[in-house]
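Here's the letter readout for the chains.
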Amino acid sequence: MTEASINLVDPVNDEIEPQERYSSSDVIAAAEELKFKQAQKKQVVEDRVKQGKISASDAQRELKRAYHTLAQTYDKPTLEKEYGTSIEQGLTVARAQQLLQEIGPNELTPPKHVPWWLRLLKSIFGGFFNVLLWLGSILCFIAYGIDPSDVKDPTNLYLGVVLAVVVTLTGIFGYYQESKSADLMGSLSKMKPKNVIVIRDGKKFELEPRDLVPGDIVELTLGMALPSDIRVVDCTPDMEVDNSSLTGESEPQKRDWKPSDETPAESPNLCFFGTLVINGKGTGLVIATGDETFMGRTAKLATSTEGDDTPIAKEIKDFVLKVSVIAFVLGITFFVIGMVENSNVVTNVVFLIGIIVANVPEGLLATVTVSLTLTARRMFDKNVRVKNLESVETLGSTSVICSDKTGTLTTNVMTCQHVYYDLKECECDTDNPMQAMKGGDKTGTLTTNVMTCQHVYYDLKECECDTDNPMQAMKGGDKTGTLTTNVMTCQHVYYDLKECECDTDNPMQAMKGDFYKADDDRVRTADFLKLVRCGALCNNASFIDGKVDPTANATEAAMVKFSSGHVLSEYRIDVPEYRKRHKKLHEIPFNSKNKWQVSVHELPKDLLLENEQKIEDFEVGDKLALVQMKGAPERILALCDRYLFEGEVIPLNDETRENILNGVMSLGSRGERVLALAESVLEPKTYDVTIAEPIMDPEYDDAVDASCAAEDCVIVMYNNERVKVPLSVKNPDTDEPIPFEELFVHHLMGCIEKEIEGVPVGTQRVGFAARGGNVDPMNSLQELGIKRGSLVHLVKGPYKFSGTKKEDLNWPMMRNDDEAGLVFIGLYAMIDPPRPGVPEAVARCQSAGIKVVMVTGDHPVTARAIAQKVGIIGANSQTQDQVAELKYNGDMNAVQNEEYDAIVVPGHILQEKLDTEVEDPQGVADFWNHALNKNNVVFARTSPQQKLLIVSAVQERGGIVAVTGDGVNDSPALKKADIGVAMGITGTEVAKEAADMILLDDNFASIVNGVEEGRIIFDNLKKSIAYTLSSNIPEIAPFLLFQTAAVPLPLSTVMILLVDLGTDLAPAISMAYEGRESDIMERKPRDPAVHKLVTWRLVSFAYLQIGMLQAIAGFYAYFTVLNGFGFQPGHLIGLDEHRIFNDQRTDSKLRDGYYLWCFDPDVTSDCIYLPNLWHGSYVTDSGVNMVYYNNDLFQEWKKNDDTYAKDAKDYVAKIAGKINSGLTRSMLDESSSLTWNEFESSYWKSENETASDSIFGKLSKDSYHANRGNGLVLYPSRRCWDKDYQDFYTDRDGIPPPFCNWKGYEYNHRTWEYGTSDSNGQYHGLRSLFPMQTRARVEALAMSNSAYFISILVVQWADLMICKTRIRSLFEQGMTNVFMNYALIFETFLGAFLVYVPVANTVTGTRPLRFTW
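The structure presented is a predicted model; accordingly, all values stated were derived computationally and were not measured.

(A) Quick peek at unusual backbone geometry. Of note, the phi angle at D545 is positive, near 50°, even though the residue is not glycine. Tracing the backbone shows D545 in the loop between β19 (543-544) and β20 (547-548). The backbone of A769 shows a phi angle near 45°, a positive value even though the residue is not glycine. Mapped onto the elements, A769 comes out in the loop between β29 (764-767) and α20 (781-784).

Pasting the structure below:
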């Protein structure tokens, strides 16, 4: 993008990043679309006019609506009238101000400003998955905030923070990868446009571009950035503009001021906002400003297109939706159940959050992003650069590849394979283009990269040098053979109506005898030299340091390489010098519309060929005018009326024409690109190029001859004689005379040619008055001031060739029956061979169910030949015409649709069908269905716009399309495709920017590698998701059992995160490193509607099979560990119904549920929660005697109406009744006057528990014990903790729990050792496991949670092995995935770290585990 381009909007200061600009590929793609629509509209309107459906004036109105302007078609008077201005005086100042008020300033509506920080925020907060994670995080913060506990549980806070950090880091990583992978160009620079010179009221003003209005006359100067859309009204002949910012065309575009019938986008007299004047100068009329400019409308179109989600983005969204539905359905269902059982809203909301968090695979986002990035890196190693990470998987989903031929399927190193002249075909040597010998670009690869003399040629013989020892002159033996097949040269030529083969055995001679005279094989025939001459001159391939420019057009490079050796051998000069000797006088470059290139050259006398020296009247000078032309054979033959055969020019009849076309078909059927060449040596008297260019006076007399006052005539001064020239010109459309006031200088020149003999229009140099000799033929007489009788001066110069299209050219081009045509010389047939590996790559695509469609601009026969070579058309496939030829004598109508499975659609047939879409839309749809449903499809001679329509048609039929392209005009198709693939070597910057990925080696085989990688990543993501989802069930099941069966929560939310973001993350990511499975390129492309990333089958596999096994393993570990603390499974059911088992942080629950009493199952399976009802006291280290329980605490317990407290009171009263202690239930109510001392001394009797009416003694006796009746001691290592939670609800900080031998040893019973003096005979000393203090319960549950966590980890090892393959067995796939092996080790060590390292225990709530319980 050029630095001198201007902003679409005024620059805005942004201290962080410049505001977002229109992407140049978006602009260019939109511009191409507008150009295409304009061309289509023009064709439709012209057809309707021809059919008589609308009048010419109606057509003008329709085109104006479609184009937004017809300024390009107006002459100057019409322009002035249409825009209310004067080309000489400009607008009035008042009118300009009025227009500025009505239309507004000349500025584009700014594009949507998305600064980098907002893009980063979108990456972090955008996307359904991210939203789900953020929702979970926010809910965790809410749960923490509404927690009514006196000391809040930080678990939810930790969980919220972790979720927020995870999604933030993943978003930053994704943003970084996208920013790093993107290859975006700013379409316009930040330079402020310079002020412009405007003419208003006949005076020049310097204005800011924003103040311009339609109708302003502005000066166009060299280097100027055009501030608006401008119609050129006057310019120098060399004026050129750079349209690259708008169209991507790197070549300068000539500008002219003459009216044009082209569409606005193609018109040579219009300049567009945002482009540059790079040569010449002129004057222009502003025709559009701001959003009404071509750039403005293009920019709107470019920014209005919303990109569709990639398939992988859709799949992830679908997956998240399914997971969310499951999460919310489960969460809400059990929330309702919880509210029915327990009306505590806060508790149930926290539980709802737990269900959602357990269902959401928090690590999946990181897994997907990392997997895509790793795959993109692998693809880069395979010469595929990925710009958009998600496009990797899109390529794997591709069902149709629309591939260009040149440079993708082929090498894009065109060389001349055949030439055709004298009606015969000759084969050229393809191994060394410059000398037509074998060899290629071997430098540094197949060679030493040290240049040595390979051959010398003297005494008319060739000798080969010794390349191993350059000093030792030469050696004998065979000459160098073919070192490479990648560099192709001219193999055949066709001339004199025959094909000739080039000599591969004698490189310096370059060809066999067909190129030489029959009687002297050292002299080339004149017919062949004409072919060589045209190939060298009608050619824009330049030379750099004696070699053909590597950036030159491949076809032209092949032609000039072939010509070079013959020019050097014949004339002893190289091609650049040969071109200098044949000075180029005029040229129309090749374009896709004409499909030909024509140039006019000087033909020096000393370079005349043998059969040209017979031209009569050559004595007029030392040189002739030589027309050279090349192009598509059918186009060139249409302009020829003669052909060259054995030195004679012979009239071209239909039979010979057919013969030549058969030669074209013969060459094309071998996959060669065929160009026809023609020439014309112009008659020297009329087209005299020997005259020196005259020097015109800067000013002439402007006298007026009164004798012409009543006549339409002027006086012409020629050779000092005055000649009266009548001006009688008729309008070719109406056959009516054109009034004198409407005549132009070119009309005058035509009249001069009729009146003065020997002065053709092309040789006329006209001067008038103050204009001097600077009079342009397209100036009107009126604007020059030429009146009836004005004196016009005429000087003869060399013939000036002009014209930009066939109709305008001023030399014979067979435009009608009366005009001579050109002489057909022969054909060049270039070969661009298939790249090595492409046939195999196409075969792999086809075995993978991917249809490869060739879309090329080449001839249909050439396209079919290459398609057959690379396998796009199968070996046993036949086209309709082939079946017709074999079975029906060429009658194509007799062929049934099912009889052929290959189709080659030429561009003109395609266009004919598309042109009927308005009248017969169903017919067009049937055509697409018919063509695209064939197994083998080729589109030939297609335009870039047709390529876009082909892509759209495939997509409309459900295909996921990958498109290759390299040119600017491919950018619309690249952007339209599901995945655009640009060429890294030959591709333009615009094509690379528009594409999703770039082939660094331009090789089709790299696309197939990409398809394989895309399929691998889809496979691996499915494996990774199956692996990740399987842990959801063991994460969800604890919450479900917790809610429905009221067991203590088997797995904390923090440990869920330890699984999802800790132990599971590395194994899940390791799936990205998994290799391909054997059938991956044999499967059909997945149907996005059926083969989802996450199917219900995968969900059932992960949840109901692997997940259930993991849950069973987890619960087994959970129950086993709690059993080690004395909890029978029957105890656990309903144990945490009131959410008091675990680490409660409200005063009442800590105080009144301090001890848990569970009883021998023979007595009851119930458990109750009681306060620390113990009579004793404790002497602190400072000597203070502190009691364990007092009356205040007892009265608070009596007041407690919570269910767990009522249940405990009921049970105590029930036991009191059994032992006849006299305690009734009402005595434990709040209204009772019972005190702690009364309760302890009369009923509870913890101080005298052996009493028959001691409630404490009875509970201790019935509680579950560590020893059984047979003397077996169970649970030998039950821990008793001296530090508990009494300080949370009382001032008794530091008091150890009662009857706990916490000083004896670290792991022991809850009570004293059995049989000690302190506990002899006491029931609570009989190794009772209950009552169990709060801290012991917390530790027991933490250990069981840890066991559950580790069991998930262990089963996930097996799960990883199960998910590692989809089709193959584990033994076939092997354990070669190094990262997966590392992940298994990492997962194991991480689990050990989390469980056994004290710091991890503190942070995560885990506890060390023993190997046996």
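(B) Broad picture of the sheet that holds strand β9 (residues 282-288). With antiparallel pairing, six strands are arranged side by side in an open sheet as β2-β1-β3-β9-β4-β7. Across the chains shown, the open sheet's two edge strands, defined by having one partner strand only, are β2 (203-207) and β7 (270-271). Strand direction decides the pairing type here: strand β3 (residues 217-220) and β9, joined by four bridges, are antiparallel. Across the sheet, L220 pairs through a bridge with G282, a residue of β9.

(C) Spatial organisation of the pairing of strand β38 (residues 1155-1158). Along β38, one buried face is formed by Y1155 and W1157 and the opposite face, lined by L1156 and C1158, is buried too. As defined by bridge partners, β38 adjoins strand β39 (residues 1167-1170) across four bridges and the pair is classed as antiparallel. Across the sheet, C1158 pairs through a bridge with C1167, a residue of β39. In this sheet, strand β42 (residues 1332-1333) lies alongside β38 in antiparallel orientation, the contact comprising two bridges. Its bridge partner being in β42, Y1155 is matched across the sheet by Q1333.

(D) Structural context of the state of the cysteines. Tallying each qualifying case throughout the model produces one disulfide. Bridging C1158 to C1167, the disulfide has an S-S length of 2.0 Å. Classification of the bridge connecting C1158 and C1167 rests on its S-S torsion, roughly 115°, and on that basis the disulfide is right-handed.

(E) Representation of helix α18 (residues 654-668) within the structure. With 15 residues, α18 should cover 21 Å at 1.5 Å per step; its first-to-last C-alpha distance of 20 Å lies within 8% of that length. Listing the buried residues of α18 in full gives T656, I660, G663, V664, L667 and G668. Buried residues of α18 fall within an arc of 130° about the axis and therefore sit on the same side. Exposed and facing more than 90 degrees away from the buried side of α18 are D654 and E655.

(F) Quick look at the confidence of the model for the protein chain. Here the protein chain shows a mean pLDDT of 79. Residues at 70 or above account for 77%. In the model of the protein chain, strand β14 (residues 455-458) stands out as the element of lowest mean pLDDT, 47, in contrast to strand β23 (residues 623-631), which has the highest, 95. Ignoring residues within four places in sequence, the model shows residues 434-463, a span with pLDDT below 50, making 72 contacts including any to other chains. Segment residues 466-489 is flagged for pLDDT under 50; beyond a separation of four residues in sequence, or across chains, it makes 64 contacts in the model.

(G) Highlighting the pairing of strand β32 (residues 851-855). Among the five residues in β32, four count as buried, and that is most of the element. Pairing analysis gives four bridges linking strand β11 (residues 400-403) to β32, with the strands arranged parallel. If you follow I401 over to β32, its bridge partner there is V852. Where β32 and strand β34 (residues 936-940) come together, three bridges link them in parallel fashion. Within β34, the position partnered with V853 by the bridge is V937.

(H) Geometry of the nonpolar core. Judged by nonpolar contacts, the single largest core of 165 residues is most densely connected at F1004, F1127, L1223, F1239, W1244 and I1255. A per-element tally of this core places helix α29 (residues 1004-1030) first, with 13 residues. Discounting residues that sit within four places of it in the chain, L1223 has contacts with V1212, A1213, A1216, L1228, L1234, F1239, Y1243 and I1255. Counting 36 residues, the second-largest nonpolar core is a separate cluster that includes M414, F562, Y578 and L608.

(I) Quick look at the packing of aromatic side chains. Tallied over the entire structure, the rule returns 32 aromatic pairs. Of the aromatic side chains, those joined through ring pairs into one cluster are W1157, W1174, Y1189, F1194, W1197, W1236, F1239, W1244 and F1256. Across the ring face of Y900, the terminal group of K934 is positioned such that the distance to the ring centre comes to 3.9 Å. The positively charged end of K1209 is found above the aromatic ring belonging to W1197, 5.7 Å away from the centroid.

(J) Inspection of the sheet that holds strand β8 (residues 276-279) at higher detail. Spatially, three strands are ordered β6-β5-β8 in an open sheet, and the strand pairing comes out antiparallel. Two strands in the sheet have a free side with no partner beyond their single neighbour: β6 (253-254) and β8. Relative to β6, strand β5 (residues 240-242) runs antiparallel, the two being bridged by two bridges. Within β6, the position partnered with V241 by the bridge is Q253.

(K) Up close: the pattern of salt bridges. Taken as a whole, this structure holds 37 salt bridges when the rule is applied. The partner of R200 in a salt bridge is D216, and the shortest N-O contact between them spans 2.7 Å. Of this pair, R200 sits in strand β1 (residues 196-200) while D216 is found in the loop between β2 and β3, placing the two residues 16 residues apart along the sequence. In terms of burial, R200 and D216 fall into one category: buried. Among the salt bridges present, the one from K382 reaches E1013, with a minimum N-O distance of 2.8 Å. Placement of K382 in the loop between α12 (364-381) and β10 (384-386) and of E1013 in helix α29 is noted, with a sequence separation of 631 residues between them. Residue E1013 is classed as buried on the basis of its relative accessible area of 3%. Within the structure, one salt-bridge network assembled from shared partners comprises R378, K382 and E1013.

Rules used throughout
The residue count restarts for each chain, going from 1 along the sequence in the order it is written. pLDDT decides what is reported in this predicted model: residues at 70 or higher carry local features, side-chain atom pairs at 80 or more are listed and counted, and totals for whole chains, interfaces and linings draw on all residues regardless. Hydrogens are left out, water is left out, and the side-chain values use all remaining heavy atoms of the structure. Secondary structure counts use DSSP, requiring at least four H or I residues in a row for a helix and at least two E residues in a row for a strand, with both numbered from the N terminus. Two strands qualify as a pair provided DSSP detects at least 2 bridges between them. Relative accessibility under 20% of the residue-type maximum defines a buried residue, over 50% an exposed one, and the middle range a partly exposed one, all with a 1.4 Å probe and only protein chains included. For this text, the term disulfide refers to a pair of cysteine sulfurs within 2.5 Å. A helix is expected to span 1.5 Å multiplied by its residue count minus one. As used here, the arc is the angular range of directions from the helix axis to the C-beta atoms. Residue-level confidence of the predictor is summarised by pLDDT, bounded by 0 at the bottom and 100 at the top. Should any heavy atoms of two residues lie within 4.5 Å, those residues are considered in contact. Note on terminology: a nonpolar core comprises buried Ala, Val, Leu, Ile, Met, Phe, Trp, Tyr and Cys residues joined through side-chain atoms within 4.5 Å. Pairing of aromatic rings covers Phe, Tyr and Trp, the last counted by its six-membered ring, and requires centre-to-centre distances within 6.5 Å; plane angles under 30 degrees mean stacked, over 60 mean edge-to-face, and any other angle means tilted. Geometrically, a charge over a ring is one whose NZ (Lys) or CZ (Arg) sits within 6 Å of the ring centre while staying within 35 degrees of the ring normal. Salt bridges are defined by distance alone: a side-chain nitrogen of Lys or Arg within 4 Å of a carboxyl oxygen of Asp or Glu.

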